[in-house]
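# Results of the structural survey
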Amino acid sequence: GQQVMQIPQYQHVQEGEDFTTYCNSSTTLSNIQWYKQRPGGHPVFLIQLVKSGEVKKQKRLTFQFGEAKKNSSLHITATQTTDVGTYFCAGDTSGSRLTFGEGTQLTVNP
Amino acid sequence: DAGVTQSPTHLIKTRGQHVTLRCSPISGHKSVSWYQQVLGQGPQFIFQYYEKEERGRGNFPDRFSARQFPNYSSELNVNALLLGDSALYLCASSLVYGYTFGSGTRLTVV
């Protein structure tokens, strides 16, 4: 079945440093979605990427979708303590289900 | 507007018992999905319902079943509970794209 791999599993940064998490799917995706889950919370939708090579920005967050629509990345510039949480990518192939990666847990030291 | 609401928030059950989890989607959202999230892992797809019809089923045993009611609320039922069913069960609703998750039901099987 479809697999979505995400690296790194953990990332510890000093406040102000940049952060990147990478996502790779075993199959071509119709779209990829990114979610953030705070400790003890539930996943919160951040963005959806649909087009090959698409790049979207949300303030300090930059999301990219690969040309082959099998990989994606999330880059945070100048991290803040409010960025703490686990970031998940989730691939959609059928329109009825998301396959989540294992997530990257980000901690930010002030 | 209320978000996705789930009940109960926490539940402790004994092995072999049955459990019913409930979900009310955001008003106007006709699609409801269920995910299981084991601690430290990404959510895993269980079911999706749209307009009361099952649109997708994940790789879960037949002990897991669900249904969607005319008001678009949904129930997830799990029979013959196993210790391994202990997890956070998340319900999500969607209108066009991107899923809004509820806060989840934390199920502990002892």
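This is a predicted model, so every value here is computed, not measured.

## So, the overall build of chain B
Within chain B, the regular secondary structure consists of 0 helices and 11 strands. A compact globule built from 110 residues would reach a C-alpha radius of gyration of about 13 Å, and chain B, at 13 Å, matches this within 12%. The principal-axis extent of the C-alpha atoms belonging to chain B is close to 35 × 25 × 25 Å. For chain B, the proportion of its 110 residues judged to be buried stands at 50%. Contacts in chain B between residues far apart in sequence, at least 24 positions, make up 50% of those at least 6 positions apart. With an accessible surface of roughly 5,400 Å², chain B has 49% of that area assigned to carbon and sulfur atoms.

## Regarding a nonpolar patch on the surface
On the surface, a cluster of nonpolar side chains totalling about 370 Å² of accessible area is made up of L95, V96 and Y97 of chain B. Note that Y97 of chain B resides in the loop between strand 9 (87-94) and strand 10 (100-101).

## What to know about the pairing of strand 11 (residues 105-109) of chain B
Along any regular strand the residues' side chains alternate between the sheet's two faces. Residues and elements named next belong to chain B. By the alternation rule, side chains of strand 11 split into T105, L107 and V109, which are all buried, and R106 and T108, of which none is buried. Across 3 bridges, strand 9 lies against strand 11 in antiparallel orientation. Directly across from L88, in strand 11, lies its bridge partner R106.

Reading the values: rules and limits
- Residues numbered from 1 in each chain as written.
- Chains lettered and ligands numbered in written order.
- Predicted model: local features only at pLDDT ≥ 70, side-chain atom pairs only at ≥ 80, totals over all residues.
- Heavy atoms only, no water.
- Helix = DSSP H or I, 4+ residues; strand = E, 2+ residues; numbered from the N terminus.
- Rg over C-alpha atoms; globule rule 2.2 N^0.38 Å.
- Buried < 20%, exposed > 50% of the residue type's maximum accessible area, 1.4 Å probe, protein only.
- Contact = heavy atoms within 4.5 Å.
- Areas by Shrake-Rupley, 256 points an atom, 1.4 Å probe, with all protein chains shown as cover.
- Patch = residues over 30% accessible without salt bridge, like charges linked within 9 Å, V, L, I, M, F, W, Y side chains within 5 Å.
- Salt bridge = Lys/Arg side-chain N within 4 Å of Asp/Glu carboxyl O.
- Pairing = 2+ DSSP bridges.

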